[in-house]
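Summary of structural features
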Amino acid sequence: MDNRTQNLPEGVGEKLAQENILTRDDIMYVDNLKMHFPITKGILKRQIGAVKAVDGVSFGIKRGQTLGIVGESGSGKSTIGNCLLNTLDITSGDIYYEGNNYKKISKKAWMRMRKNLQMVTQDPFASLDPRMNIFQAVAEGLQIQKVLKDKKEMEAMVVRQLQMVGINPDFRFRYPHEFSGGQRQRISIARALALQPNFIVCDEVVSALDVSIQAQIVTLLMNLQQQLNLTYVFIGHDLSVVRHISNNIAVMYLGKFMEMTSSEELYAHPLHPYTQALISAVPIPDPEVDRTRSRILLKGDIPSPIHPPRGCKFCTRCKYADKRCREEEPELTDAGGGHLVACHKAAGA
């Protein structure tokens, strides 16, 4: 067996290697992930339906790179992030981190591995305990994982983490309400880095910040990635920001990936009508060009994940949809050069 797949179940590793899906550099692989939240009714909690937040997605993430996931609110982006950190019991599918299947990891082994997987959330004020000062917040993970027991070593570690993210360590005994939104996000990043992880889920980390602060946070994340060889899953809805930081981008709609390819290829040659509509909405710095270009306006709202459309999930809002689109769901196929798209109308699909 290839040493890059030696930790995978028999047969799975060979299959992934043969299909060139899993490589030596892959840190994580997700195989047909589904996350359905049950809807219950009555005293007996009888299940009458399910919210199909994630409905069968597969992808790999290379070590030291960034996978961007974009889409409208309610498309399932944040749910994927939580599944990757094992905070949700997935409905079906498999997640492999460094060859280890989440389903087959013991609780004790997971606790040891958990420090390598961290998250930075959208609202740092909500994620930071208002009763804990910044020193306590950053040191909390070190105490739980029992990484450092000596108080002086722990304080030195916290000081280094705060300096790394651009926070004055003299402020370490202040509380979250004494900092601005951008500073709180830097503190959240410092807390995530305290355990020296190699994989971080960034869930809408700049969407609540001013544009100038967004640029600072994105630049900080990119610098930290180079210094520490971090791997990111960057979840967002601002395509210009996602493009700047990501190596590869997956466009998500109603629990499915509509398109997935490299960042530059996606913006240069978007194939899916949904991707084209999202890119047409991205502002262009030149006012004259921005005024003259044509925009693609999507009609209606994203359908309910409880009762998604029968065929293509996007067919209810797509101007190209026909009978086949409404009856047959397209698979995510290679349109050439590793550019994956799920559309019956896309060239090469």
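Refer to the preceding data block for the structure.
The sections below set out a description of the structure shown in this document. (Residues numbered from 1 in each chain as written. Predicted model: local features only at pLDDT ≥ 70, side-chain atom pairs only at ≥ 80, totals over all residues. Heavy atoms only, no water.)

A complete count under the given rule lists one cavity of 30 Å³ or more for this structure. A volume near 60 Å³ is recorded for the largest cavity. Around the largest cavity, the lining residues are His272, Pro273, Cys312, Phe314, Cys315, Cys318, Ala321, Cys325, Pro330, Cys343 and His344. For the lining of the largest cavity, the class distribution of residues is nine nonpolar, two polar and no charged. (1 Å grid on protein atoms, 1.4 Å probe; cavity = no way out; pocket = protein on both sides within 12 Å on 5 of 7 lines; lining within 4 Å. Points joined across faces, edges and corners; volume = space filled by probe spheres on them. Nonpolar A, V, L, I, M, F, W, Y, C, P; charged D, E, K, R; others polar.)

Counting residues in hydrophobic clusters, the biggest one holds 58 residues, and the most contacted among them are Val138, Ile189, Val206, Leu221, Tyr232 and Phe234. For this core, the leading source of residues is helix α5 (residues 134–144), giving six residues. Sequence-distant contacts of Phe234, that is, excluding residues within four places in its chain, are made with Thr66, Leu67, Gly68, Ile69, Cys202, Val205, Val206, Leu221, Val241, Val242 and Ile245. Residues Val30, Leu33, Ile61 and Ala250 belong to the second largest nonpolar core, which totals 29 residues. (Core = buried A, V, L, I, M, F, W, Y, C linked by side-chain atoms within 4.5 Å. Buried < 20%, exposed > 50% of the residue type's maximum accessible area, 1.4 Å probe, protein only. Helix = DSSP H or I, 4+ residues; strand = E, 2+ residues; numbered from the N terminus. Contact = heavy atoms within 4.5 Å.)

Going through the model one piece at a time under the given rule, you end up with eight aromatic pairs. Between Tyr102 and Trp110, the ring centres sit 5.2 Å apart and the planes meet at 65 degrees, which makes this aromatic pair edge-to-face. Residue Tyr102 shares its accessibility class with Trp110, and that shared class is buried. Among the aromatic residues, those joined into a cluster by ring pairs are Tyr253, Tyr274 and Phe314. It is Arg174 that lies over the ring of Phe171; its NZ or CZ is 3.9 Å from the centre. (Phe/Tyr/Trp six-rings, centres within 6.5 Å; stacked < 30°, edge-to-face > 60°. Lys NZ or Arg CZ within 6 Å of the ring centre and 35° of its normal.)

Here the focus is the sheet that holds strand β9 (residues 248–253). By way of backbone hydrogen bonds, the strands of a sheet pair with one another, either parallel or antiparallel. In spatial order, the strands read β6-β7-β8-β3-β9-β10-β12-β11; together these eight strands make up an open sheet with mixed pairing. Lying at the two open borders of the sheet, with one neighbouring strand each, are β6 (117–120) and β11 (333–334). Summarising the sheet, strand β10 (residues 256–262) and strand β12 (residues 340–341) pair through two bridges and their orientation is antiparallel. Looking across to β12, one finds that Met260 is bridged to Leu340. Helix α8 (residues 211–228) rests against β3 (66–70), β7 (199–203) and β8 (231–236) of the sheet, and its axis sits at about 160 degrees to β8. Packing against the sheet, helix α11 (residues 273–280) makes contact with β9 and β10, and its axis sits at approximately 105 degrees to β9. (Pairing = 2+ DSSP bridges. Axes fitted to C-alpha atoms, helices over the stretch in contact; angles between N-to-C directions.)

A few words now on the side chain of Ser75. Positionally, Ser75 belongs in the loop between β3 and α2 (77–84). Looking at Ser75, the relative accessible area reads 0%, which means it is buried. At 2.8 Å, the side chain of Ser75 forms a polar contact with the backbone oxygen of Glu72. Excluding its chain neighbours within four sequence positions, the residues that come into contact with Ser75 are Ala53, Met252, Tyr253, Leu254, Gly255 and Ile302. (Polar contact = N/O pair within 3.5 Å; in protein donor to acceptor, adjacent residues only side chain to side chain.)

Its volume calculated, the second largest pocket comes out at about 470 Å³. What lines the second largest pocket is a set of 18 residues, and nearest its centre among them are Arg114, Gln118, Glu140, Gly141 and Arg191. Every element with two or more residues in the lining of the second largest pocket is listed here: α3 (107–114), β6, α5 and α7 (181–193). In terms of residue count, the dominant contributor to the lining of the second largest pocket is α5 (four residues). Partitioning the lining of the second largest pocket into residue classes produces eight nonpolar, seven polar and three charged.

Moving on: the pairing of β10. Of all seven residues in β10, six are buried, a share of seventy percent or more. Summarising the sheet, β9 and β10 pair through six bridges and their orientation is antiparallel. Bridge pairing links Ile249 to Thr261 in β10. Where β9 hands over to β10, the hairpin turn is made up of two residues, of which Leu254 adopts a positive phi near 55 degrees.

Relative to the helices and strands, Pro308 is located in the loop between α12 (287–292) and α13 (323–327). With relative accessibility at 22%, the residue Pro308 sits in the partly exposed group. Not counting chain neighbours up to four residues away, the residues in contact with Pro308 comprise Lys52, Leu254 and Lys313.

In this model, α8 (18 residues) spans 26 Å end to end at C-alpha, consistent with the 26 Å of a helix rising 1.5 Å per residue. Within the sequence span of α8, burial applies to Gln214, Ile217, Val218, Leu220, Leu221, Leu224 and Gln225. Axial view of α8: buried residues confined to an arc of 155 degrees, hence all on one face. For α8, the exposed residues lying more than 90 degrees away from the buried face are Gln226 and Gln227. Each element contacted by the buried residues of α8 is listed here: β3, α6 (151–164), α7, β7, β8 and α9 (239–245). A positive phi of about 55 degrees marks Asn229, the residue just after α8. (Expected span 1.5 Å × (residues − 1). Arc of directions from axis to C-beta.)

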